[in-house]
Amino acid sequence: MPILVMKFGGTSVANIDRIQRAARRVAAEVAKGYDVIVVVSAMSGETNKLVGYVNDTAPLYDAREYDAIVSSGENVTAGLLALRLQEMDVPARSWQGWQVPLQTNSAHGAARIAAIPTENINRKFAEGMKVAVVAGFQGISPEGRITTLGRGGSDTTAVAFAAAFDAERCDIYTDVDGVYTTDPRICSNARKLDKITFEEMLELASLGAKVLQTRSVELAMRFKVRLRVLSSFEEPSDTSGTLVCDEEEIMESNVVSGIAFSREEAKMTLVGVADKPGIAAAIFGPLADAGVNVDMIVQNISDEGQTDMTFSCPVDQVLRAEKAINEARARGDYTFDELVCDSNVAKISVVGIGMRSHAGVAATMFRALASESVNIKVITTSEIKISVLVDRKYMELAVQALHDAFGLEKKKA
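For clarity, every value in this text was computed on a predicted model and none was experimentally measured. All residue numbers refer to positions counted from 1 along the written sequence of the respective chain. The predicted nature of this model means local features are confined to residues of pLDDT at least 70 and side-chain atom pairs, given and counted, to a pLDDT of 80 or more, with totals for whole chains, interfaces and linings taken over all residues. Water and hydrogen atoms play no part in the side-chain values, which are based on all heavy atoms of the structure.

**Student:** How do you make sense of the packing of aromatic side chains when you look at a structure like this?
**Tutor:** Centre distance and the angle of the planes are the two values used to describe a pair of aromatic rings. Between the rings of Phe, Tyr and Trp (Trp by its six-membered ring), a pair exists once the centres lie within 6.5 Å; its type follows the angle of the planes, with under 30 degrees stacked, over 60 edge-to-face, and the other angles tilted. Under the criterion given, the structure shown has 5 aromatic pairs. An angle of 40° between the planes, with centres 6.1 Å apart, marks the rings of Tyr334 and Phe336 as tilted. Phe336 carries the same exposure label as Tyr334, and that label is buried. Summary of the burial criterion: residues with accessible area below 20% of their type's maximum are buried, those above 50% are exposed, and those between are partly exposed, where the area comes from a 1.4 Å probe applied to protein chains only.

As structure tokens, then:
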């Protein structure tokens, strides 16, 4: 039988009624002739509650016990969905990560998947099981301990199962009905995309779009797993949702496919740094060691042997960055005149594989922002994206202006 992977997020299994709705979706795919692997998240809010229990009990917790506790939410959902399917006369069984076994490394709280042996589940399919309900987000370490994959890890679990079992497709059911040209809450005329390439989705996910976890898209692109993003609250059809696929499946793309944004950004500038070989390594090495996720980097032209170095990072990592920089200066790694931090910026990005073969995207972007008097603080580019930092108060205005400038509300003729 062909295998289909279906993933239901926390809002899609938030209560018994929604679990029953999910069960009906699964049963419909079984009726079409599929063997189905269903990956489930914990019921909405459950993981946060469990994390709160851990922090209240032991703020400096043992990461192994943290994983044992927070992974239990997915186990509950898997068992309930399996029971509901059994009540519908669909042969189903729940699977925890260690039963598959989904093998990971030992990085508790942020484990990486090492392997997913298919023998156990395939044997049960051969014996008549039609649905394997797998607890997402979790696996087992070489030491035999439960591990978790990090927040949003159920998306990664689902894609990994689709790759391991050579599934026909991986359907991600969530609280939105697909991938949009931008957030409809910001831009009312945002349009749902029928298809988007892996590369574009990866850029959008990494730049702030919250539809899919970045790691899951990376995995899908590597193994060519076709993803479909669907709403769990609407009746599906063959044209529902958005298909995330290889570029070859899309006849012709728009120059720009979407506008991504991130509110939680900060801009940090080291003023008066000595301009000499190795200075960038001296600055960014300690930041990497401190776990600071540096994004945009700009270095000014040298003036009398000194330069300014500017970079962006998540706003919740500013204190960590400041500590790493000041400790490096105290060690004598480098000197600077001043550290300036601006925590009131937002990152706006235009993304599209069509940018590879079309000129003028940057000019259109900058004209659109200038027409609304939005000042650009930092610019970075790649082959299929252009990102800028602007004052946070102009973020929504900038997104709407760019969406209009690139005609993203219009369907391609």
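**Student:** Where do I start with the pattern of salt bridges in this structure?
**Tutor:** Opposite charge on two side chains lets them pair, provided their charged atoms get close. Counted as salt bridges are all cases of a side-chain nitrogen of Lys or Arg within 4 Å of a carboxyl oxygen of Asp or Glu. Applying the stated criterion across every chain yields a total of 22 salt bridges. Residue Asp171 pairs with Arg228 through a salt bridge whose shortest N-O separation is 3.1 Å. In this pair, Asp171 sits in strand S9 (residues 169-174) while Arg228 sits in strand S11 (residues 227-231), placing the two residues 57 residues apart along the sequence. Like Arg228, Asp171 is buried. The helix count covers DSSP runs of H or I at least four residues long, the strand count covers runs of E at least two residues long, and both are numbered beginning at the N terminus.

**Student:** I tried to follow the UniProt feature "binding site: substrate" (unreviewed entry) in the chain on my own but got confused; where do I start?
**Tutor:** Those residues carrying the UniProt feature "binding site: substrate" (unreviewed entry) are Thr47 and Glu74 in this numbering. A stretch of 28 residues holds the annotated residues, and the largest C-alpha distance among them is 8.6 Å, short enough that they meet in one place. If you trace the backbone, Thr47 turns up in helix H2 (residues 46-57). Working rule for contacts: check all heavy atoms of both residues, and any pair within 4.5 Å makes them a contact. Leaving out residues up to four positions away in the same chain, Thr47 has contacts with Ala42, Glu74 and Arg151. Sequence-distant contacts of Glu74, defined by excluding residues within four places in its chain, comprise Val40, Ser41, Ala42, Thr47, Ala135, Gly136, Phe137, Gln138 and Ser154. UniProt positions are given in the numbering used here, feature names are shortened, and annotations may be inferred rather than shown by experiment.

**Student:** Whenever I open this one, the UniProt feature "binding site: ATP" (unreviewed entry) in the chain confuses me. Can you help?
**Tutor:** According to UniProt, the positions carrying the feature "binding site: ATP" (unreviewed entry) are Lys7, Phe8, Gly9, Gly10, Thr174, Asp175, Tyr180, Arg185, Lys210 and Val211. Judged by maximum C-alpha separation, these annotated positions cover 205 residues in sequence and are scattered in space, the widest gap reaching 24.5 Å. Of the residues examined, Lys7 reaches a relative accessible area of 8% and is grouped as buried. In this structure Lys7 touches Val39, Ser41, Ser154, Asp155, Ala158, Asp171, Ile172 and Tyr173, once residues within four positions along its chain are discounted. On the secondary structure map, Phe8 appears in strand S1 (residues 3-8). Judged by its relative accessible area of 1%, Phe8 is buried. Ignoring any residue separated from it by four or fewer positions in sequence, one finds Phe8 in contact with Val13, Ala22, Arg25, Val26, Val38, Val39, Val40, Ser41 and Tyr173.

**Student:** What am I meant to see in the domain arrangement of the chain here?
**Tutor:** Note on interface size: it is often stated as the accessible area lost on association of the parts. Where each domain starts and ends follows an automatic or database-derived domain assignment. Along its sequence, the chain is organised into domain 1 (3-249) and domain 2 (259-406). Taking only C-alpha atoms into account, the centre of domain 1 sits 33 Å from that of domain 2. Each partner contributes to the interface: domain 1 provides 16 residues, whereas domain 2 provides 21 residues. We define buried area as the total accessible area lost by two parts upon association, computed with a 1.4 Å probe and summed across both. Summed over both sides, the interface of domain 1 with domain 2 buries roughly 1500 Å², with 61% coming from carbon and sulfur. When the buried area of domain 1 at its contact with domain 2 is split by residue, Ile186, Glu203 and Leu207 rank highest and sum to 42% of it. Our count for the domain 1 to domain 2 interface comes out at 3 salt bridges.

**Student:** Is there a simple way to think about the environment of Met43 in this case?
**Tutor:** Note that Met43 resides in the loop between strand S2 (35-40) and H2. Sequence separation of Met43 and Glu249 is 206 residues, and the distance between their C-alpha atoms is 35 Å. Each residue touching Met43, except ones within four places of it in the same chain, is listed here: Gly10, Val13, Ala14, Asn15, Ile19, Thr77 and Leu80.

**Student:** Looking at this structure, how should I read the packing of helix H1 (residues 16-31) against helix H4 (residues 72-87)?
**Tutor:** To characterise two packed helices, one gives the angle between the axes of the helices and the distance between these axes. The interhelical angle for the contact between H1 and H4, taken along N-to-C directions, is 60°, at an axis separation of 9 Å. Comparing their axes, H4 and H1 come out oblique. The element H1 and its partner H4 pack so that their crossing is right-handed. Contacts between H1 and H4 involve Ile16, Ile19, Gln20, Ala22, Ala23, Val26 and Ala27 on the former and, on the latter, Leu80, Leu81, Arg84 and Leu85. By the convention adopted, Pro, Cys, Tyr, Trp, Phe, Met, Ile, Leu, Val and Ala count as nonpolar, Lys, Arg, Asp and Glu as charged, and the other residues, Gly among them, as polar. By residue class, the composition of the contact of H1 with H4 is 9 nonpolar, 1 polar and 1 charged. Comment: axis = line fitted to C-alpha atoms, over the contacting stretch for helices; angle = value between 0 and 180 degrees taken between N-to-C directions. Here the word oblique covers every angle except those under 35 degrees (roughly parallel), over 145 (roughly antiparallel) and from 65 to 115 (roughly perpendicular). For any helix crossing, the convention is left-handed if the near helix is rotated counterclockwise from the far helix by under a right angle, and right-handed if that rotation is clockwise.

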